[in-house]
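Results of the structural survey
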Amino acid sequence: MAYVYDSGLEGIEELAAEAAARFAGVNGLDMTVFPSVVALENDIVGRAARLLGGDTETAGTFTSGGTESCLLAVYTAREHARRTRGVEAPELVLPDTAHAAFHKAAALFGLKPVVVPTDPQTYKVRAGDIAAAITGNTALVVLSAPSYAHGVIDPVAEAAAEAARRGVLCHVDACIGGWYLGHLRLAADAPRLPPFDLSVAGVTSLSVDLHKYGYAAKGASVLLFRDAELRRHGWFAHASWPGYPVVNATLQGTKSAAPLAAAWAVLERIGTEGYVDLSRRVHLAAAALAEGVRGIEGLRVLGSPESSLIAVAADGPGIDPFVVADEMRGRGWYLQPQPAFGGSPANLHLTVTAAVAGEETVRQLLADLAEAVGAARALGPVEIDPELVAAAGLLDPDTLTSEEAALALGLAGVGEGGELPERMAPVLAVLQVLPPKLTERLLPELIGRLYT
Ligand SMILES: Cc1ncc(COP(=O)(O)O)c(C=O)c1O
């Protein structure tokens, strides 16, 4: 119920594989030598623009994924702010629910993240709080449609209006939900959805991943801009060297056209009607799943999901969601643990895709979940030694040595070897009570052991 997006349609994977194989050697580095990459990209960007509120001015770029789209949105805004407004100390205003990719962008491109807390009931940012966070140095405001963690849509119209009022760019991160929501609203029996796309006044860029609800092979996303004039600020051109003149629209230099060709083929094959149908099925399944979860004693759904993503938390102290995740894994399901953060308690994330949208699959998942909750209740929550937490709180992530990190991980139940424990609840329990900066120091140590 995470990471994998499967249309469940016959022949899609084979089609993507064949297209990718035929284009694996085509190099998107030089679009003047390989006109096919321009043709495919224009087709894909045009399709995304028509779906998501673009007009004849809309411009776009095909990227390798959501993270690259988010990185380029931020980089473009930074350059735009520097060149058009003389901003030298750029800031990035974003809700605390925005995807980690934006923090990566801020770190890579030297922007100061200005994090705006979201409403602890709805998990949406308030437009007034966004307005209050904007300064003369704000290069970009980011909103999610929907957010990954809770599947809710920020108040795009209201917040984008605040950004526009201050002359600031506004990016809608529709990486995960854009393709799904855009098609769902075309269904005859579509639910009411708030406006979230480029048609909203003040929205200046939008990212939408094809390797999620476009069911394309991995390595496919689109970044749309209100026009080519804005897009050009993110392109890198270099002529001051003795080699070929360089123009890069994305982060890579040489880039295989395989993901582009695979995405193009899958989009053509599934088509608008096909996506509307897949989105409807996902919508119905997600609604049934959320309803079913609410019916399981000891569980609750966080917020009111407006998309295909559901966050399931414990309703009361007796059940540890991470123990439920371990129990579900034993039953063949992967539910993604989301540690407690701010107003969001520890919970499990479920991404509903077409392949798991069948009635029988939903029924089976709910039955297994009810059983897993029973088992988790019997086992009880993971107990953490408060002295351990207190001691960990004294560690300084900036000066922590690898030996001390190993010691800290040992206390969390992770041995020196590369293998992760079968049951992750005890590890996650420790990680989520540590200060986030310390966790961020420990995670690379933990994952580094897998790569020998
Ligand atoms: C809202 C949102 N933005 C950005 C990303 C990053 O996308 P990717 O994992 O394709 O780099 C994701 C991934 O799930 C996402 O959900």
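Residues numbered from 1 in each chain as written. Predicted model: local features only at pLDDT ≥ 70, side-chain atom pairs only at ≥ 80, totals over all residues. Heavy atoms only, no water.

Considering the UniProt feature "modified residue: N6-(pyridoxal phosphate)lysine" (unreviewed entry) in the protein chain
Condition: UniProt positions are given in the numbering used here, feature names are shortened, and annotations may be inferred rather than shown by experiment. Strands are runs of DSSP state E lasting at least two residues, helices are runs of H or I lasting at least four, and both sets are numbered from the N terminus onward. The buried label goes to any residue with under 20% of its type's maximum accessible area, the exposed label to any with over 50%, and the partly exposed label to all in between, with areas taken from a 1.4 Å probe on protein chains only. We call two residues in contact when some of their heavy atoms are within 4.5 Å. Polar contacts, as used here, are pairs of N or O atoms within 3.5 Å; protein pairs need one atom able to donate a hydrogen and one able to accept it. Residues neighboring in sequence count only if both atoms are side-chain atoms.
Within this structure's numbering, the places UniProt gives as "modified residue: N6-(pyridoxal phosphate)lysine" (unreviewed entry) are Lys212. Locating Lys212 in the fold gives a position in the loop between strand E6 (205-209) and strand E7 (221-225). Residue Lys212 is classed as buried on the basis of its relative accessible area, which comes to 17%. If we ignore the near neighbours within four places in the chain, the residues touching Lys212 are Tyr5, Cys175 and Ile176. One polar contact links Lys212 to Asp209, side chain to side chain, over a distance of 2.4 Å.

A short note on the domain arrangement of the protein chain
Stated formally: For every domain, the bounds stem from an assignment made automatically or drawn from a database. One speaks of a salt bridge when a side-chain nitrogen belonging to Lys or Arg is within 4 Å of a carboxyl oxygen belonging to Asp or Glu.
For the protein chain, the assigned domains read domain 1 (12-239 + 246-268), domain 2 (272-379) and domain 3 (386-448). Summarising the inter-unit geometry, the C-alpha centres of domain 1 and domain 2 are found 27 Å apart. On the domain 2 side, the residues contacting the 31 residues of domain 1 number 28 residues. For the pair domain 1 and domain 2, the number of links is 2 salt bridges. When the shortest N-O distance is used, the salt bridge between Glu306 and Lys124 registers 3.1 Å. On the surface where domain 1 and domain 2 come into contact, there are 15 residue pairs in polar contact (both at pLDDT 80 or more). Breaking the side of domain 1 that touches domain 2 down by element, the ones donating at least two residues are helix H7 (178-184) and helix H9 (258-294).

Comments concerning the sheet that holds strand E4 (residues 138-144)
To summarise the sheet geometry, strands pair through backbone hydrogen bonds and adopt either a parallel or an antiparallel arrangement. This is how the line gets drawn: If DSSP finds at least two bridges between two strands, the strands pair. All axes here are fitted lines through C-alpha atoms, helices being fitted over the stretch that makes contact, and every angle between N-to-C directions spans 0 to 180 degrees.
Reading across the sheet, the 7 strands line up as E1-E7-E6-E5-E4-E2-E3 and stay open at both edges, with mixed pairing between neighbours. The open sheet terminates on both sides in strands that have one partner only, identified here as strand E1 (59-63) and strand E3 (112-116). Pairwise comparison of adjacent strand axes, ignoring direction, gives a mean angle of 20 degrees for this sheet. Where E4 lies against strand E5 (residues 169-173), 5 bridges are found, and the strand directions are parallel. Within E5, the position partnered with Ser144 by the bridge is Asp173.

A short note on the pairing of E7
Most of E7 is tucked away, with 5 of its 5 residues classed as buried. In E7, alternate side chains face the same way, and those of Ser221, Leu223 and Phe225 on one face and Val222 and Leu224 on the other are all buried. Pairing of E1 with E7 involves 5 bridges; the strand directions are antiparallel. Each residue of the ladder has a partner; that of Thr63, found in E7, is Ser221.

Remarks on the packing of aromatic side chains
Formally: By convention, a stacked pair of Phe, Tyr or Trp rings (six-membered ring in the case of Trp) has centres within 6.5 Å and planes under 30 degrees apart, an edge-to-face pair has planes over 60 apart, and any other such pair is tilted.
Following the criterion strictly, the structure yields 7 aromatic pairs and no others. Each ring, one from Tyr75 and one from Phe109, has its centre 5.2 Å from the other, and the planes form 55 degrees; the classification is tilted. Pair noted here: Tyr75 is in helix H3 (residues 66-85) and Phe109 is in helix H4 (residues 100-109), with a separation of 34 residues, a long-range link. Its relative accessible area of 18% is what places Tyr75 among the buried residues. For Phe109, a relative accessible area of 15% translates into the label buried. Ring centres of Tyr180 and Tyr213 lie 5.3 Å apart, and the angle between their planes is 40 degrees; on these two criteria the pair is classed as tilted. Of this pair, Tyr180 sits in helix H7 while Tyr213 sits in the loop between E6 and E7; the two residues are 33 residues apart in sequence, bridging distant segments of the chain. In this structure Tyr213 comes out as buried when scored by relative accessible area, which is 3%. Three or more aromatic residues joined by ring pairs make a cluster, and in this case those are Tyr5, Tyr180, Tyr213 and Tyr215.

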